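A structural walkthrough
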Amino acid sequence: DQQVKQNSPSLSVQEGRISILNCDYTNSMFDYFLWYKKYPAEGPTFLISISSIKDKNEDGRFTVFLNKSAKHLSLHIVPSQPGDSAVYFCAAPPYNQGGKLIFGQGTELSVKP
Amino acid sequence: NAGVTQTPKFRILKIGQSMTLQCAQDMNHNYMYWYRQDPGMGLKLIYYSVGAGITDKGEVPNGYNVSRSTTEDFPLRLELAAPSQTSVYFCASSPTGGGSPLHFGNGTRLTVT
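Just so we're clear, the structure is a prediction, and the values are computed from it rather than from any experiment.

Cut-off values and rules
Residues numbered from 1 in each chain as written. Chains lettered and ligands numbered in written order. Predicted model: local features only at pLDDT ≥ 70, side-chain atom pairs only at ≥ 80, totals over all residues. Heavy atoms only, no water. Contact = heavy atoms within 4.5 Å. Buried area = accessible area lost by both parts, 1.4 Å probe. Salt bridge = Lys/Arg side-chain N within 4 Å of Asp/Glu carboxyl O. Polar contact = N/O pair within 3.5 Å; in protein donor to acceptor, adjacent residues only side chain to side chain. Phe/Tyr/Trp six-rings, centres within 6.5 Å; stacked < 30°, edge-to-face > 60°. Buried < 20%, exposed > 50% of the residue type's maximum accessible area, 1.4 Å probe, protein only. Helix = DSSP H or I, 4+ residues; strand = E, 2+ residues; numbered from the N terminus. Disulfide = S-S within 2.5 Å. Core = buried A, V, L, I, M, F, W, Y, C linked by side-chain atoms within 4.5 Å. Pairing = 2+ DSSP bridges. Axes fitted to C-alpha atoms, helices over the stretch in contact; angles between N-to-C directions.

A separate point is the interface of chain A and chain B. Across the contact, 20 residues belong to chain A and 21 residues belong to chain B. Carbon and sulfur atoms supply 61% of the area buried between chain A and chain B, which totals about 1,600 Å² over both sides. For the interface between chain A and chain B, the tally reads 0 salt bridges. Remark: the boundary between chain A and chain B carries 3 residue pairs in polar contact (both at pLDDT 80 or more).

So, in structure tokens, the structure goes:
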């Protein structure tokens, strides 16, 4: 039962263009979502989050959009840079379950110069 | 402030051997977690702990054991290693539950042959 799904294993974009990474979820009780970024041979690092009381959260070049009715969120990176090349995971904490996170499968982003 | 430290970085085990993956954090976080990541998959929770002396199972606990005798340390024990336990293991910590961002170590790459 994959409660958080990232259906695109990979994405390739040109430097300077927009990268859009998508994430779908099935559990309507999720009320908070996080995005993590992972470089090879390193652990994931927290990137940006969004609460279900918002539909958008922005931090510099990174914006996360939440569509609760569609149970869908997306991460926009504008403009994309080669250093953004990494695997991106979306994640959500199940309600009242000790702080653990359920992760999607990840999308590998490649930004080409 | 080293964050979350995992040792060893790499290990090869023979089937049936045992080992302990070490994890230590110096941020005084109450919550600690063990995840595993298989190729093309997201991170799956093995065990977690909400404080010293308290542990609980995650999604994939079979074949593993944990203990939490101090706030700082959260070792993961593999008994009778099997090829299905070949994976990259990540330890993480967070100050609270409820979706506060997790801080990850850089992982232990384990191969069981």
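Continuing now.
What follows concerns the packing of aromatic side chains. Residues and elements named next belong to chain A. Going through the model one piece at a time under the given rule, you end up with 13 aromatic pairs over all chains. Centre to centre, the rings of Phe-30 and Phe-33 are 6.3 Å apart; their planes meet at 90°, and the pair counts as edge-to-face. Judged by its relative accessible area of 4%, Phe-30 falls in the buried class. Taking 6.2 Å as the distance between ring centres and 90° as the angle between the ring planes, the aromatic pair formed by Phe-89 and Phe-103 counts as edge-to-face. Of the two residues, Phe-89 sits in strand 9 (residues 86-92) while Phe-103 sits in strand 10 (residues 102-103), which places them 14 residues apart along the sequence.

Turning next to the state of the cysteines. Under the criterion given, the structure shown has 2 disulfides over all chains. Note that A:Cys23 is cross-linked by a disulfide to A:Cys90, the S-S spacing being 1.9 Å. The disulfide joining A:Cys23 to A:Cys90 has a torsion of about 70° about its S-S bond and is therefore right-handed. Of the two residues, A:Cys23 is situated in strand 3 (residues 19-25) and A:Cys90 in strand 9; the sequence distance between them amounts to 67 residues. In this structure, A:Cys23 and A:Cys90 share a single accessibility class: buried. Here B:Cys23 connects covalently by a disulfide to B:Cys91, the sulfurs 1.9 Å from one another. Residues B:Cys23 and B:Cys91 are joined through a disulfide that is left-handed, its torsion about the S-S bond being -70°. Taken together, the residues span a long stretch of sequence, with B:Cys23 in strand 3 (residues 19-25) and B:Cys91 in strand 9 (residues 87-94) at a distance of 68 residues.

A word on the nonpolar core. All names here are of chain A. Counting 24 residues, the largest nonpolar core has Phe-33, Trp-35, Leu-73, Leu-75 and Tyr-88 as its most contacted members. Sorting the residues of this core by element identifies strand 3, strand 4 (32-38), strand 5 (45-51), strand 7 (62-67), strand 8 (72-77), strand 9 and strand 11 (107-112) as the ones contributing at least two each. Ranked by residue count, the leading element in this core is strand 9, at 4 residues. When sequence neighbours within four positions are dropped, the list of residues in contact with Leu-73 reads Leu-21, Asn-22, Cys-23, Tyr-25, Phe-33, Trp-35, Val-64, Phe-65 and Leu-66.

Bringing the environment of B:Phe74 into the picture now. Residues and elements named next belong to chain B. Mapped onto the elements of the fold, Phe-74 is located in the loop between strand 7 (64-66) and strand 8 (76-78). A residue is classified by how much of its surface remains accessible, and Phe-74, at 0% relative accessible area, is buried. For the pair Phe-74 and Leu-21, spaced 53 residues apart in sequence, the C-alpha to C-alpha distance is 8.9 Å. Non-local contacts of Phe-74, meaning those with residues more than four positions away in its chain, are made with Cys-23, Met-32, Tyr-33, Trp-34, Tyr-47, Tyr-48, Ser-49, Thr-55, Val-66, Ser-67 and Arg-68.

A few words on the sheet that holds strand 7 of chain B. Residue and element names in this part refer to chain B. In spatial order, the strands read 1-3-8-7; together these 4 strands make up an open sheet with antiparallel pairing. One side of each edge strand has no neighbouring strand; the edge strands of this open sheet are strand 1 (4-7) and strand 7. The average undirected angle you get between the axes of adjacent strands in this sheet is 20°. With 4 bridges connecting them, strand 1 and strand 3 associate as antiparallel partners. Looking at the pairing, Val-4 lines up with Gln-25 of strand 3.

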